[in-house]
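Now for the letters of each chain:
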Amino acid sequence: MKKYKLSHFISLVFALVFLATAIAGSVMLASTPAKNSSLNASAEVYSSAKAMTVMEAGSKRVLYSKNNQQKLPMASTTKIMTAITAIENAKDFDTRFEISPKAVGVSGTSIYLRKGETLSLRELLYGLMLVSGNDASVAIGEHVGGNVKNFIDLMNKTALKIGAKNSHFDNTHGLDSPTHYTTAYDLALITSYALANPIFKEIVSTKNIRIESGEGKTRYLKNKNRLLNSFTGCNGVKTGFTDDAGRCLVSSAERNGMTLVSVVLNCGPMFEECSSLMERGFSEYKLFDLAYDYQLPKTIKVENGREEEVEIYTKGHYFYPLRDDELNKINYKYNLTSSIEAPLKADTEIGEVEIYIDKDLHFSEKIFTMKGVRGNTIWHKLKDMLSNW
């Protein structure tokens, strides 16, 4: 590789930045490290949001960010936590139960619950996530937690379990409160976690649904997330607005096996910006199975075997989003001897491969033999003869 003077390198960097700015708009030079990696995320992109994060859902790698650790109100995007907490702590989703007076007439958006009518938890979850029913959130909290206070405690415990350490929930719906807050990073983390749940994923990707109470009242619910109809691959998640929080949106989309979660807090053009951010993410990043793409030797030499070598393989997968210019930062370390001794069984563990991105260990996986190999000594042959008698 040719060596260049520092001045030439600096000139090249500034030329690239200028070109990117001319094409894609204003780009700031600050960068955000990917979780557990010395890889830097892409340069921070322009956003009118007060805080923003784009995260790849599987690896939790942050692709783009702005003020993503700033504690802010999040309006009805709160209901992402309400929904996943209810789903994880409920035992029955389809048996109808009676709506209590406390869930009737809750201020803000509503599905207009009536005292004494009966609905199932599943139906209330649709009312919660599609049309943002504040009354549905209270009914869910009472039913799953025994009372709303207990349920909010469950929400905060679930947030800590997920790793959302800079979030605190005072209510189930997201109405403004001084100590009800999250960060763009935490909200992306919570959403990535929730999308791994099939019930949650099915609900937030639903565009329209009709639900009926036990008393025959029919409700037609239409999802407020208009990206479900306009952005290719969109599969969720939740809108929100209050005076303090401004317009908030958490959106998600999947293309070619990669799911991106985009969070914008206090963002006027929230649909447009989430769409633009995810489109950029899909164009700049691809999902690689680093535990499949590495150059593992196909075979290993066998000593004293009836075959001179045996095929080897690994079982695990490690999917990680990378830009094209990051591929040369992947390194593999093989803890593997040059040969193994026969006899050996199929799936015998013989070593380990470690995957590094720059100098950081991201993944390790055991190496196994594909099949067994019999020994080739006189003793092994004699044992085989005796076993066949």
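This text goes with the structure placed above it.
What comes next is a walk through the structure. Keep in mind the model is a prediction, meaning the values are calculated, not measured.

Reading the values: the criteria
- Every chain begins its residue count from 1, and numbering advances along the sequence as written.
- Note on the predicted model: pLDDT of at least 70 is required for a residue's local features to be given, and 80 or more for side-chain atom pairs to be given and counted; whole-chain, interface and lining totals, by contrast, use all residues.
- To get the side-chain values, take all heavy atoms of the structure and skip hydrogens and water.
- Pairs of strands are assigned from DSSP output, requiring at least two bridges between the strands.
- To qualify as a helix, a DSSP run of H or I must reach at least 4 residues; to qualify as a strand, a run of E must reach at least 2; elements of each kind are numbered from the N terminus.
- To get an axis, fit a line to the C-alpha atoms, keeping to the stretch in contact for a helix; angles then go from 0 to 180 degrees between the N-to-C directions.

Moving on to the sheet that holds strand E16 (residues 349-357). Strand order in the open sheet formed by six strands is E14-E16-E17-E12-E11-E15, with mixed pairing between adjacent strands. The two strands at the open ends of the sheet, each matched to only one other strand, are strand E14 (330-336) and strand E15 (339-341). Between one strand axis and the next, the sheet turns by 35° as a mean value, whatever way the strands run. Of the pairings in the sheet, the one linking strand E11 (residues 299-303) to E15 comprises three bridges and is parallel in character. The residue bridging Glu303 from the neighbouring strand is Glu341, located in E15.

In the sheet, strand E12 (residues 309-313) pairs with strand E17 (residues 360-369) via two bridges, with the strands oriented antiparallel. Paired with Ile312 across the strands is Thr369, a residue of E17. Inspection of the sheet shows E16 paired to E17 by eight bridges, in the antiparallel sense. Bridging from a neighbouring strand, Ile355 pairs with Phe363 of E17. Between E16 and E17, which pair antiparallel in sequence order, lie two residues; one of them, Asp358, sits at a positive phi of approximately 60°.

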